[in-house]
Amino acid sequence: MSDQNDKLDTLKTSSMERRLSLAKASLLAGTRWATANATSMFSSEEEKERKRKKATIEQANYLVAEIGKLKGSIVKIGQMMALYGEHFLPEEITQALNTLYNQTTALSWPAIKQHLQNELGNKLDDLTIDHEPLGTASLAQVHRAVRKSDGLELVLKIQYPGVAEAIDSDMSLFKNMLKLTRLVPQTREFDQWFDEVREMMHREVDYKMEAATTKRFYDRLEHDPRYIVPQVIDEFCTSKVLCMTFERGVPINSPVMLSLPQERRNQLGEASLEIAVREIFEWGEMQTDPNFGNYLVRLGNGADVADKIVLLDFGAIRQFDAHLLDVARSLIKAGYHHNPEQMVAAMRGYDFFDSIPESIKPDMAKVFLLATEAFSDPSQNPNLSTELMDEQHRYDWKKSQLHSRVMQQASKSMASRYFSVPPKEFMFISRKFIGAYTFMTVIDAKTNVRDMVGKYV
């Protein structure tokens, strides 16, 4: 956390201020690009490529540094582009955009207090609020608080003033910047993903929607001892402030987590993945942000008090239509049976898969079968190493290196070009499962996913 001297007193949310800042940055970056091209005109192809890559990296880093100075929604746009942009942005751009996650300078307490007074009015008198934020992000920061009337510990997620209103303007600025600097090919796929990011941004700042979603998950998991969902306190909620109970826990990747006995780590891993499975097969909506900061673990005592996963953030919930869910479920079921023909059949009836030549689908099925090998039975899957799954069907996630193997298989597949820009809905589902897989890899869990999926097959 930065100290008070590093905090901002206000955010540049005026469209004129932001437009001038980005226009200047884009112009300078475009000039650099033109200069780099001119100086490499008479170079060999190999030298041209080296200079092109160097110029792209320099441009990307420069632009990202300028974006970071503006804070607010434009930083979040950059972060989302880093998360999902691997399919339509050059690698140099996504690497530079990833550095935006480190730019989390807080808004100063006097500015936050004034904002809270505007939002909560006299209700603010019933709260004692820590002046130092518990956490900061590009669109909001979180402060701990105590309700004076009963001592209830709370957290206030406080949206920065002006960021919601600046989203559409910032999206246009960001897109124009990419056009001016000629860093990104302007394709139909790029436009579709850009529109999707715009929708995600608006969902991120809709605190009424997030409060309602948090309540739904609270109701679903209230009686399951493996999970904790914060309780929304409506009294202190507005369109710009979300108030919930404060829930203690340790980060997923903390040393104390890694020192837990294997069986406790296994149980936490199963609880993590079960959420993803139930989201697909029961609830039809999914938390699509795989950020570890969205989870904590409240440790038990290893005896009568169980370890619990604390689910913190429901701002990136995505609801899916029935047809897409049927396709996703069919693909998972085909993976459970490890049946190539069933996997190809599961693709039928969905526009993206129907547009792929029939001759390519068996290759695509191989990639999906590998991605779902943890669901399969060793007796049905001759490619599943005996080192990866024991007699109790517990899969060794860390040893499996599943994600990298799937990526290698996809890149070598005849269907590789169809994996380059997948449907955005499948990208969200994929991100969710990658996040769950990574969770289990980090805590070195060995889990029986087959039984979990078997309930729905």
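The preceding data block contains the structure.
Here's what I pulled together on the structure shown here. Everything numeric in this text was worked out from a predicted model, so none of it was measured. (Residues numbered from 1 in each chain as written. Predicted model: local features only at pLDDT ≥ 70, side-chain atom pairs only at ≥ 80, totals over all residues. Heavy atoms only, no water.)

## Looking at the sheet that holds strand β8 (residues 295-298)
(1) Moving on: If you walk across this open sheet you meet the three strands as β5-β9-β8, and the pairing is mixed. The sheet is open, and its two borders are formed by β5 (227-228) and β8, each paired with just one other strand.
(2) Moving on: Lying on the sheet, helix α10 (residues 262-283) is in contact with β5, β8 and β9 (308-311); it crosses β9 at an angle near 40 degrees. (Pairing = 2+ DSSP bridges. Helix = DSSP H or I, 4+ residues; strand = E, 2+ residues; numbered from the N terminus. Contact = heavy atoms within 4.5 Å. Axes fitted to C-alpha atoms, helices over the stretch in contact; angles between N-to-C directions.)

## Looking at the packing of helix α14 (residues 361-371) against helix α16 (residues 402-412)
(1) Moving on: Contact geometry for α14 and α16: axes closest at 9 Å, N-to-C directions at 175 degrees. With respect to each other, α14 and α16 are oriented roughly antiparallel. On α16, the residues that touch Lys366, Val367, Leu370 and Ala371 of α14 are Leu402, Arg405, Val406, Gln409 and Ala410.
(2) Moving on: Among the residues making up the contact of α14 with α16, the classes are represented as six nonpolar, one polar and two charged. (Parallel < 35°, antiparallel > 145°, perpendicular 65-115°, else oblique. Nonpolar A, V, L, I, M, F, W, Y, C, P; charged D, E, K, R; others polar.)

## Comments concerning the side chain of Asn381
(1) Moving on: Along the chain, Asn381 turns up in the loop between α14 and β11 (395-396).
(2) Moving on: Of note is the side chain of Asn381, whose polar atom sits 3.1 Å from the backbone nitrogen of Asn383.
(3) Moving on: In contact with Asn381, other than residues within four places in its own chain, are His338, Glu373 and Ser376. (Polar contact = N/O pair within 3.5 Å; in protein donor to acceptor, adjacent residues only side chain to side chain.)

## Structural notes on empty space enclosed by the protein
(1) Moving on: This model, assessed by the stated rule, comprises four cavities of 30 Å³ or more.
(2) Moving on: For the largest cavity, the calculated volume is near 130 Å³.
(3) Moving on: In terms of lining, the largest cavity is formed by twelve residues, of which the most central are Ser272, Tyr295, Lys432, Ala436 and Phe439.
(4) Moving on: The leading source of residues in the lining of the largest cavity is helix α18 (residues 424-442), at four residues.
(5) Moving on: A breakdown of the residues in the lining of the largest cavity according to their chemical character gives eight nonpolar, two polar and two charged. (1 Å grid on protein atoms, 1.4 Å probe; cavity = no way out; pocket = protein on both sides within 12 Å on 5 of 7 lines; lining within 4 Å. Points joined across faces, edges and corners; volume = space filled by probe spheres on them.)

## Notes on the nonpolar core
(1) Moving on: Within the largest apolar cluster, 123 residues are counted, with the highest numbers of intra-cluster contacts made by Leu116, Leu156, Phe174, Leu273, Phe353 and Phe433.
(2) Moving on: Counting residues in hydrophobic clusters, the runner-up holds eight residues, among them Ala211, Val232, Met244 and Phe246. (Core = buried A, V, L, I, M, F, W, Y, C linked by side-chain atoms within 4.5 Å. Buried < 20%, exposed > 50% of the residue type's maximum accessible area, 1.4 Å probe, protein only.)

## Observations regarding the state of the cysteines
(1) Moving on: The tally for this structure, following the rule as stated, stands at zero disulfides.
(2) Moving on: Cys243 provides the cysteine sulfur closest to Cys237, a residue in no disulfide bond, and the two sulfurs are 5.7 Å apart.
(3) Moving on: Relative accessible area serves as the criterion here: at 22%, Cys237 is assigned to the partly exposed category. (Disulfide = S-S within 2.5 Å.)

## With respect to the pattern of salt bridges
(1) Moving on: Overall, the coordinates contain 31 salt bridges when judged by the stated rule.
(2) Moving on: The residue Arg147 makes a salt bridge to Asp150 at a minimum N-O spacing of 2.7 Å.
(3) Moving on: Residues Arg226 and Glu274 are paired through a salt bridge, measuring 2.9 Å at the closest nitrogen-oxygen approach. Placement of Arg226 in the loop between α8 (207-221) and β5 and of Glu274 in helix α10 is noted, with a sequence separation of 48 residues between them. (Salt bridge = Lys/Arg side-chain N within 4 Å of Asp/Glu carboxyl O.)

## Some remarks on unusual backbone geometry
(1) Moving on: Phi at Gln401 is positive, roughly 45 degrees, even though this residue is not glycine.
(2) Moving on: Since its relative accessible area comes to 54%, Gln401 is described here as exposed.
(3) Moving on: Positive phi is not limited to glycine here, since Asp444 has a value of about 55 degrees.
(4) Moving on: Summarising the element assignment, Asp444 is placed in the loop between α18 and β12 (446-447).

## Brief notes about the environment of Trp397
(1) Moving on: Examined against the element boundaries, Trp397 turns out to sit in helix α15 (residues 397-400).
(2) Moving on: Accessibility expressed as a relative area gives 2% for Trp397, which makes it buried.
(3) Moving on: A C-alpha to C-alpha distance of 9.5 Å links Trp397 and Phe439, two positions 42 residues apart in sequence.
(4) Moving on: Once you skip the residues sitting within four places of it in the chain, Trp397 turns out to touch Leu273, Ala374, Leu402, Tyr437, Met440, Thr441, Ala445, Thr447 and Val449.
(5) Moving on: There is a polar contact of 2.7 Å between the side chain of Trp397 and the side chain of Thr447.

## Topic: the layout of surface pockets
(1) Moving on: Approximately 1200 Å³ is the volume found for the largest pocket.
(2) Moving on: If you trace the largest pocket, you find 47 residues lining it, with Ala137, Asn291, Gly293, Asn294 and Asp313 closest to the centre.
(3) Moving on: Of all the elements, helix α3 (residues 72-84) adds the most residues to the lining of the largest pocket, at five residues.
(4) Moving on: Residue composition of the lining of the largest pocket, grouped by class: 23 nonpolar, 15 polar and nine charged.

## What to know about the environment of Lys240
(1) Moving on: On the secondary structure map, Lys240 appears in the loop between β5 and β6 (241-245).
(2) Moving on: Residues Lys240 and Ala140, 100 residues apart in the sequence, show an inter-C-alpha distance of 9.2 Å.
(3) Moving on: Contacts of Lys240, omitting those with residues within four sequence positions, involve His115, Glu119, Lys157, Ile158, Gln159, Glu165 and Tyr207.

## Regarding the packing of aromatic side chains
(1) Moving on: Summed over the entire model, instances satisfying the criterion amount to eleven aromatic pairs.
(2) Moving on: Taking the centre distance of 6.5 Å and the plane angle of 40 degrees together, the rings of Phe174 and Phe194 count as tilted. Highlighted residues: Phe174 in helix α6 (residues 167-181) and Phe194 in helix α7 (residues 188-204), separated in sequence by 20 residues.
(3) Moving on: Geometrically, the ring pair formed by Phe217 and Phe314 is tilted, given 4.9 Å between the ring centres and 35 degrees between the ring planes. Pair noted here: Phe217 is in helix α8 and Phe314 is in the loop between β9 and β10 (317-319), with a separation of 97 residues, a long-range link. (Phe/Tyr/Trp six-rings, centres within 6.5 Å; stacked < 30°, edge-to-face > 60°.)

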